[in-house]
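Next come the chains, spelled out residue by residue.
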Amino acid sequence: MDLKVFGEVLVTLLVIMDPPGMVPIFVAMTGPMAERDRHKAAWQAVCLALGVIVLFGVAGQNLLEYLHVDLPALQGAGGLLLIMIALELLTGKTDDPTAHSTTNIALVPLGTPLLAGPGAIVATMLFVQRSSDAADYVAVYAGIVVAMLAVWLVLRYCGVVVKILRPGGIEVLTRIAGLLLAAIAVQLIADAVFAFVDSYQAG
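Residues numbered from 1 in each chain as written. Predicted model: local features only at pLDDT ≥ 70, side-chain atom pairs only at ≥ 80, totals over all residues. Heavy atoms only, no water.

Focus: the nonpolar core
One recurring pattern in soluble globular proteins is that nonpolar side chains are buried together. Within the largest apolar cluster, 53 residues are counted, with the highest numbers of intra-cluster contacts made by M17, L110, L115, M148 and L181. Secondary structure elements with two or more residues in this core: α1 (3–17), α2 (19–30), α3 (35–67), α4 (71–91), α5 (102–115), α6 (118–130), α7 (134–156) and α8 (159–202). Ignoring anything within four residues of it in the chain, the contact list for M17 reads M22, I53, L115, A147, M148 and V151. (Core = buried A, V, L, I, M, F, W, Y, C linked by side-chain atoms within 4.5 Å. Buried < 20%, exposed > 50% of the residue type's maximum accessible area, 1.4 Å probe, protein only. Helix = DSSP H or I, 4+ residues; strand = E, 2+ residues; numbered from the N terminus. Contact = heavy atoms within 4.5 Å.)

As structure tokens, then:
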């Protein structure tokens, strides 16, 4: 295994997924849940994200070409989805723990597009395209697995934050998380628009 490639993949994915930055969003969306359900949501979100990233690493380029979808379109779609979730957080529609099932929250938006978002998908596809032998491929996928394990550990033990904040603090954190999500969504959409404009001008 090429340790240099492994390190590059691990650091890149950790920077993109930003596990510490995920904590307030995760706590905001799972705070009302029982501890067991919160742990289940963390596990499901990480498993889904791992599956999506590996899938795009293996067949992402072929899949997008088959569907005639460009990466900026995927980025814009992720941004629109995040805006919908951000509005729910900002307006307080997620305060009712029965409003969403654990599975729904774990899959969308936690698993994708927050963890397995356009940035992580594109980075993985680029690393795979740059790989030239078995050692490189092993390093890339080992880096992905370790990165997702790190994310799971952070989410798994964020229950301490929930205990400290209590319901009132979680409500405040929910609004802040909604604002952060909205900003991320706008940035994703803006990047997608700029990419489309650059592509149009180049063509």
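Read on, since the account is not over.
Let's talk about α4
With 21 residues, α4 ought to run about 30 Å at 1.5 Å a step, and its terminal C-alpha atoms sit 31 Å apart, in line with that. Where α4 ends, the next residue or the one after it, G92, has phi of about 85°, a positive value. (Expected span 1.5 Å × (residues − 1).)

Brief notes about a nonpolar patch on the surface
Among the surface-exposed residues, L55, L63, Y66 and L67 lie close enough to one another that they form a single nonpolar patch of about 430 Å² accessible area. Mapped onto the elements of the fold, L67 is located in helix α3. With a relative accessible area of 49%, L67 lands in the partly exposed category. (Patch = residues over 30% accessible without salt bridge, like charges linked within 9 Å, V, L, I, M, F, W, Y side chains within 5 Å. Areas by Shrake-Rupley, 256 points an atom, 1.4 Å probe, with all protein chains shown as cover. Salt bridge = Lys/Arg side-chain N within 4 Å of Asp/Glu carboxyl O.)

Structural notes on the packing of aromatic side chains
According to the stated counting rule, one finds one aromatic pair in the structure shown. Relative to W152, the ring of W43 lies with its centre 6.1 Å away and its plane at 80°, an arrangement referred to as edge-to-face. Here W43 is found in helix α3, whereas its partner W152 is found in helix α7, with 109 residues between them in sequence. The positively charged end of R156 is found above the aromatic ring belonging to Y157, 4.8 Å away from the centroid. (Phe/Tyr/Trp six-rings, centres within 6.5 Å; stacked < 30°, edge-to-face > 60°. Lys NZ or Arg CZ within 6 Å of the ring centre and 35° of its normal.)

Geometric values such as these leave the question of function open.
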